[in-house]
Amino acid sequence: MALKLSDVKTAVHNDWCPGCGDFGIEASLQMALTEIPIDLHKVALFSGIGCSGKIVHWTNTFGIHTLHGRVLPFAQGAKLANPDLEVIALGGDGDGFGIGVGHFVHAGRRNIDMTYIIHDNQVYGLTKGQASPTLALGTQTKSLPEPNINSSLNPIMLALSAGFTFIARSYSFDNRHLKDTIKRAIAHKGFAFVDVLQPCPTYNDINTKDWYAGEDLPKDEKTNRAIPRYYDVEKTTNFDPKIPPGLDEEQVEQKLLQVIGLARQWGEKIPIGVLYQNENVSTYDQRMLKRIESYLTSPPAKQSVVEDDGKSKVDLTKLSDQLRV
Ligand code: SF4
Ligand code: MG
C-alpha cells in the first residue's frame, strides 16, 4: 500500500528557524520515501551534528543522531552489518567537509550502496554562523568579523576525485527536483552523494533564497521576472551524467571534463541535477562477496551472537588470539 506523508512524519516539535532551507530537504526526503516501494522499517537515517542532524527526529524511520563528523562511519557500519537496510546519511557542510572530510573521501573509495545528503549552507548554523569549508573566499556573512580568509572546498570535485559513483546537486526550495534526485540517489547501485544548496536565513545573509532566485541579477527581458541562478542541467541542456558501459578511455575523459566544467560553474549560473553516474564500478558488497560467499545470506546482523544457554559466542579472554589467526 502506498505510504502517505503522514506515515513518514513524526509528531516531534520542529525547531528549525522559520524560512530555513532544511524544511525543504525534510519535505523532499519524506515525499521521496512515500514514492518508492520500500518498508519504512528497513530505512535507517543517520545524521551528524548541526541543524541538519535533527531531521532524524522528524522522520518516521529508524533514526540515529550520531557524533560530529562521524555520520559516515556509523552509517557505513550499519549498512555493512545489515545490507538489507536502506541507509541514508544526512549532515551539514561543516560536519561533513570539516571534521568529517576524511570519512567522506574514504567512503567514495568503498562505493557502499547507500546515500549521503549534505545540507550545504556554507556556514556552521548551529554554532552561530562561523564560515564552513564551502563558504567562498572573501565572503563576509553576518557572523564574520572579517571576510572569509580561506578558499572554499568544491564538494562536486572532491566527490569525483574520491570515487563516488553518483554525484548530484539540488536546491532545497525546488522540492520536486530534490525529491526526484533523492529517489534517483536511492535507486543508484553504489554510493550516491547529493549536495543540497540550503539557504540559512539566520546566519548566511549572502547566499539567500533571493540570491539563489537571482533577484539581484538583470531580469528576463520578456517577463521582467528574476532568472534563478540555479538551472536544471539535465533538462535544459543535452548533458547526460551517465557513464555507459564500454566507453574507451578518451570518451571517459571527455565525460569527466564535462563534469569538472559543471562543478566549477558558480556565481550567476549554478547547475543542479545528477552530474555524474557510473554503475560500472563494483559495489562494496560485490567485492565482499568475492571474499565471503555467504556475506549477503548471512551478514553480521543476522548471525547469532549467543549460544543456546544465553552465553556469548565470543570468549573475550580468547578474542585477541582468535583475531590473530
Ligand atoms: Fe536553519 Fe540556519 Fe536556523 Fe540552522 S541556524 S535552523 S541552518 S536557518
Ligand atoms: Mg552548514
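Just so you know, these numbers come straight off a predicted model, no measurement behind them.

**Some points on the pattern of salt bridges**
Enumeration according to the criterion identifies 10 salt bridges in this entry. Of the charged contacts, one joins K54 and D15 as a salt bridge, the two residues approaching to 3.3 Å between their closest N and O atoms. A residue pair is termed long-range when its members are at least 10 positions apart, and K54 in the loop between β1 (43-47) and β2 (62-65) and D15 in the loop between α1 (5-8) and α2 (22-35) qualify at 39 residues. Here D15 falls in the partly exposed class, since its relative accessible area comes to 45%. Put simply, K189 and D113 hold a salt bridge, and the shortest N to O gap is 3.4 Å. Pair noted here: K189 is in the loop between α7 (175-187) and β8 (192-197) and D113 is in the loop between α5 (101-110) and β4 (115-120), with a separation of 76 residues, a long-range link. The exposure class assigned to D113 is buried, which follows from its relative accessible area of 15%. Each of E35, K179, D180 and K183 takes part in salt bridges that share partners, so that together they form one network.

**Considerations on a negative patch on the surface**
Taken together, the side chains of D248, E249, E250 and E253 make up a negatively charged region of the molecular surface. Here E250 shows up in helix α10 (residues 249-263).

**Topic: the coordination of the magnesium ion (ligand 2)**
Protein coordination at the magnesium ion (ligand 2) comes from D93 (OD), N121 (OD1) and V123 (O), with a distance range of 2.1 to 2.2 Å. Counting along the primary sequence, the residues that act as donors to the magnesium ion (ligand 2) give the motif D-x27-N-x1-V. Residue D93 is located in helix α4 (residues 93-99), and its partner V123 is located in strand β5 (residues 123-124); the two are separated by 30 residues in the primary sequence. Residue class for D93 comes out buried when judged on its relative accessible area of 2%.

What counts, and at which threshold
Residues numbered from 1 in each chain as written. Chains lettered and ligands numbered in written order. Predicted model: local features only at pLDDT ≥ 70, side-chain atom pairs only at ≥ 80, totals over all residues. Heavy atoms only, no water. Salt bridge = Lys/Arg side-chain N within 4 Å of Asp/Glu carboxyl O. Helix = DSSP H or I, 4+ residues; strand = E, 2+ residues; numbered from the N terminus. Buried < 20%, exposed > 50% of the residue type's maximum accessible area, 1.4 Å probe, protein only. Patch = residues over 30% accessible without salt bridge, like charges linked within 9 Å, V, L, I, M, F, W, Y side chains within 5 Å. Areas by Shrake-Rupley, 256 points an atom, 1.4 Å probe, with all protein chains shown as cover. Lys, Arg positive; Asp, Glu negative; His and termini not counted. Charge placed at Lys NZ, Arg CZ, Asp CG, Glu CD. Donors = N, O, S within 2.8 Å, 3.2 Å for Na, K, Ca; no water.

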